[in-house]
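# Fold and contact review
Read off the chains here:
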Amino acid sequence: MDDWRNGGFGLYVHWPFCQAKCPYCDFNSHVVSRIDQSVWVKAYRTELRRIGDMLPDRLLNSIFFGGGTPSLMHPDTVAAVIETARDIWPFANDIEISLEANPGSVEAGRFAGYRDAGVNRISMGIQALNDEDLRRLGRIHSVSEARTAFDVARACFDRVSFDLIYARQGQTLEAWNHELSDALSMAIDHLSLYQLTIEDGTAFGDRYARGKLRDLPTDDNAADMYLATQDICDRHGLPGYEISNHARPGAESRHNQIYWRYGDYVGIGPGAHGRLTLNGKRHSTEALRAPGAWLESVEKGQGTLPFLALSQEDQVVEHMMMGMRLHEGLDMDRHMLLSGQSLSDSKLSMLQDLGMVERVGSRLRATANGRAVLNSVLRELLTD
Amino acid sequence: MTELSKIRNFSIVAHIDHGKSTLADRLIQSTGTVQDRDMKEQLLDAMDIERERGITIKANTVRIDYEADDGEHYVLNLIDTPGHVDFAYEVSRSMRAVEGSLLVVDSTQGVEAQTLANVYQAIDADHEIVPVLNKIDLPASECDRVAEQIEDVIGIDASDAIRVSAKTGIGIKETLEAIVTRLPAPTGERDAPLRAMLVDSWYDAYLGVIVLVRIMDGVLKKNDQIKMMQTGARYGVDRIGVFRPAMQVVDELGPGEIGFITASIKQVRDTKVGDTITHERKGAETALPGFKPSVPVVFCGLFPVDSSEFEDLRDAIEKLALNDASFSYEMETSAALGFGFRCGFLGLLHLEVIRDRIEREYNIDLITTAPSVVYHLFMKDGEMLELHNPADMPDLSKVDHLEEPRIKATILVPDDYLGDVLKLCQDRRGIQMDLSYAGSRAMVVYDLPLNEVVFDFYDRLKSVTKGYASFDYQMIGYREDNLVKMSVLVNDEPVDALSTMVHRDRAEQRGRAMCEKLKDLIPRHMFKIPIQAAIGGKVIARETLSALRKDVTAKCYGGDATRKRKLLDKQKAGKKKMRQFGRVEIPQEAFISALKMDD
């Protein structure tokens, strides 16, 4: 059996446009004045069919519209992509079709259209529940707009998640606890809670490098916030199933779990990445990032760069890096099959003694403390 | 052979970046010595490290033919010298080989420390000095101010300083004329017994050792049998030539001329800078004055980061030593670092240059341990031992007393910074020997322990005086003092490579500073790490590095997998560059940085 089957098979569609660029965001997003959606429908379809021809006999577990701001897509555009995917692959009975939405009033007006197109889960980028911080994060919506949009989404969809960013400038532990309780009272069954990360090549990254991004919490304070977040969400019945994701058991994002369980996924659209197993060999795929260049490359017959075969070492690292993010942990038997060797007992004992990992049957799981320093844990596990 | 009156020998004195090499290039180019198609930037600097740092370590030389305005044909010999205090002796020999200097000062910057140290060497050598103001093409150029500064600070007449842009070629002709008209011709007796000064030497893979010489008296010809007056070694000369800057064979070199010889000399070690070369028969009676044997004064350990590269390191060190007589080495074993070499250097820059060359030319990652001087241990049984490495310090009960090397340091500094300099010298256990004034500049002479100087004294001096101090020193012998070995424990494990010798009265202060430094240098781990300094079994300072609590990627989805994997691969490679002590990883640079004192 090919290893990807342990994780499932999904489709990621990247919509590369936003109304404004957020200062913390390093995703592939562009601000343009006019978008001809019919051109995009055509390109998505062409590219889907090209990849689909390489991957017959697959059952599609999920579709995810990410961006950019996919809630700028016309519902017909979304419907066209979903229809095309259905022509190519049979859908699993419980297929999850998610779309990331900006919580503004205009977007809310399109929610019913997305539902009719086949979307069954919305993930909203609310980011903060206070206006001053939303402004600092460069968001174009207000808290009241977000709450309204959220109510519209709830009316249209059974499954609605939203994102918050914390460990923000000037944020105290108390303030965050308060905001989190507020969020949990709104939440249905899923929340994504990200600590603010300063990425190179973003406006925040530049400001940080110039020493102009003040009052960020210290690492110790951020660690306290992280651990408090885990506790509070546990108590509310939304335990962390991944580093930054919380869900009522059963309501986890199926699409994202394909990544973390190291399944196969098709990436369509500018800058989209994929992992595809062809003839028993796992490949990574990547598309050109600039929207115009991507459209052109699709027109010329190929919307991705040449596929790269992943080495055994690369696959071992990716499987572990992704798997250790999950509360269910890393499947050590699968690690053994991928790498040809088991994890070093002395490394495991050392990390266990430090309280960073625990063994649960054949799985290796990071503890809450271990998840807060997962990069160090991974470096330890991956070096001999 | 050239008539003495048609020869001019000169050096160029300049601070780093003031345009010495560009000016040299332009002089060579404008006289047609090198065809344009063969020009490359900084012709004289052969090694990459020199080119990158803009410093010259070996003396380089070039012979330039020049037809002057008086219609006569002149031979101009330029010797380009190292400019750093580590190589003060080598510089002094090069200076003795020429009669004049161009003092090049960046007209946008003014006189700086290194300029001073070297211009005083030129003055010591009785040079005629022609000031050259460079970079006059730049808008920030302030020729009048800088000329005034040269007069005030250095005390030489700068009213007829030549204004040059080596970059655009302005003033190059005037510079060449000044060399001919303002610098004296060399003197020397063609019929006297041969006396040639050995200015420098280096190893060439095809020709063996090449010796750079300046003929003072007599004539040197091919096939001459020669004798080195200091070492007594004898050789037959098999090649004589000059540098233009490529080698060009000539029949003979006469008085005043500068050129090279090869004589089947196997190792650079067999040649001593400053030695006098004469004929085996009917040779000179007395050698040229000023010879000093080169003695390493700073020692440190060099270890391969990857212990499997020990043999490669041995190979690299042996090859470098062939070309550098002032560099010594012997094998060393460290409990913490494994197999490596204890190496001796002329100073810190010399150390850095050798280390960089090993890393770059031989592609070996190195751990460099703290530099140390040579201590004399007087044992109770009357024996005297030389201690090159604090880790080798024997049981104190067997040691009667210990002596450390002292230097006489001369520092020239503008009045404004005098207080800071005095404080620095006092902090480094200095004893003031003299303090006098020359205009607005003070000359301070201190008796200092070398171990307080070898490490970062020069950097600190530059920093507290904003680069306006010049510094030179000479060894004045050994003296007893109350020195102890301070060891460092990281997570309760002794790290022998961090052991240092310190004065008893300053041990606690130094120990504290070192623990604090290490706390910053060692990355946080998943557990807390005690860092201690101890003398014998007694802990004198302690810091605790708290445990790492946050190190996680908040978002990692399908689109991030490749990038995050590559990042992790990079971090894994970085981790391999650290040294493991028990469960603690110490980055390589910590072994040097931990000792830097910010005072």
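Notes on the structure follow. (Residues numbered from 1 in each chain as written. Chains lettered and ligands numbered in written order. Predicted model: local features only at pLDDT ≥ 70, side-chain atom pairs only at ≥ 80, totals over all residues. Heavy atoms only, no water.)

## Quick look at the overall build of chain B
- Regarding its fold elements, chain B presents 13 helices and 33 strands.
- The 599 residues of chain B split such that 59% are buried.
- Counting contacts in chain B only where the partners sit at least 6 residues apart, residues at least 24 apart contribute 70% of the total. (Helix = DSSP H or I, 4+ residues; strand = E, 2+ residues; numbered from the N terminus. Buried < 20%, exposed > 50% of the residue type's maximum accessible area, 1.4 Å probe, protein only. Contact = heavy atoms within 4.5 Å.)

## What about the sheet that holds strand S12 (residues 239-243) of chain B?
All names here are of chain B.
- If you walk across this open sheet you meet the 8 strands as S11-S10-S16-S7-S8-S15-S12-S13, and the pairing is antiparallel. The sheet is open, and its two borders are formed by strand S11 (234-236) and strand S13 (247-249), each paired with just one other strand. The mean inter-strand angle of the sheet, taken between neighbouring strand axes irrespective of direction, is 40°.
- As defined by bridge partners, S12 adjoins S13 across 3 bridges and the pair is classed as antiparallel. Bridge pairing in S13 places Gly241 opposite Val249. (Pairing = 2+ DSSP bridges. Axes fitted to C-alpha atoms, helices over the stretch in contact; angles between N-to-C directions.)

## Some points on the interface of chain B and chain A
- The interface is formed by 27 residues belonging to chain B together with 46 residues belonging to chain A.
- Between chain B and chain A, a total of about 3,600 Å² is buried, with carbon and sulfur atoms accounting for 55% of that surface.
- Taken as a group, Met526(B), Arg549(B) and Tyr557(B) account for 22% of the area that chain B buries against chain A, more than any other trio of residues on that side.
- The tally of links between chain B and chain A comes to 7 salt bridges. (Buried area = accessible area lost by both parts, 1.4 Å probe. Salt bridge = Lys/Arg side-chain N within 4 Å of Asp/Glu carboxyl O.)

## Observations regarding helix H2 (residues 75-88) of chain A
Residues and elements named next belong to chain A.
- Here H2 spans 20 Å end to end across 14 residues, near enough to the 20 Å set by a 1.5 Å rise per residue.
- Residues of H2 that are buried include every one of Pro75, Thr77, Val78, Ala79, Ala80, Val81, Ile82, Thr84 and Ala85, and no others.
- Considering only its buried residues, H2 is in contact with strand S1 (9-15), helix H1 (37-54), strand S2 (60-67), strand S3 (91-101) and helix H4 (111-117). (Expected span 1.5 Å × (residues − 1).)

## Focus on the pairing of strand S3 (residues 73-80) of chain B
Residues and elements named next belong to chain B.
- For S3, a buried count of 7 out of 8 residues is recorded, marking the element as mostly surrounded by other parts of the structure.
- Where strand S1 (residues 7-14) meets S3, 5 bridges bridge the pair, whose relative direction is parallel. Bridge pairing links Ser11 to Ile79 in S3.
- The sheet contact formed by strand S2 (residues 60-67) and S3 spans 8 bridges and is antiparallel. What sits directly across from Tyr66, in S3, is Tyr74.
- Hairpin connection of S2 to S3: 5 residues between the antiparallel strands, including Gly71 at a positive phi of 85°.

## Description of the sheet that holds S1(B)
All names here are of chain B.
- The strand order S2-S3-S1-S4-S5-S6 describes an open sheet built from 6 strands, whose pairing is mixed. The outermost strands of the open sheet, each flanked by one partner alone, are S2 and strand S6 (162-163).
- Sheet contacts for helix H6 (residues 172-182): S1, S2, S3, strand S4 (100-106), strand S5 (128-134) and S6; angle to S2, the most-contacted strand, approximately 90°.

## Overview of helix H10 (residues 457-464) of chain B
Residue and element names in this part refer to chain B.
- Inspection of H10 places Phe457, Tyr458, Arg460, Leu461 and Val464 among the buried residues, and these make up the whole buried set. Along the axis of H10, the buried residues cluster in a sector spanning 160°; they form a single face.
- For H10, the secondary structure elements touched by its buried residues are strand S23 (399-414), helix H9 (418-427), strand S25 (441-449) and strand S26 (470-480).
- The first or second residue beyond H10 is Lys466, which carries a positive phi of 50°. (Arc of directions from axis to C-beta.)

## Describing empty space enclosed by the protein
All names here are of chain B.
- In this structure the tally under the stated criterion is 6 cavities of 30 Å³ or more.
- Pro371, Asn451, Thr500, Met501 and Arg510 are, among the 19 residues lining the largest cavity, the residues nearest its centre.
- No other element matches strand S29 (residues 500-503), which puts 3 residues into the lining of the largest cavity.
- Partitioning the lining of the largest cavity into residue classes produces 12 nonpolar, 3 polar and 4 charged.
- Counting only domains with at least three residues in the lining of the largest cavity, you end up with domain 4 (376-481) and domain 5 (484-595). (1 Å grid on protein atoms, 1.4 Å probe; cavity = no way out; pocket = protein on both sides within 12 Å on 5 of 7 lines; lining within 4 Å. Points joined across faces, edges and corners; volume = space filled by probe spheres on them. Nonpolar A, V, L, I, M, F, W, Y, C, P; charged D, E, K, R; others polar. Domains from an automatic or database assignment.)

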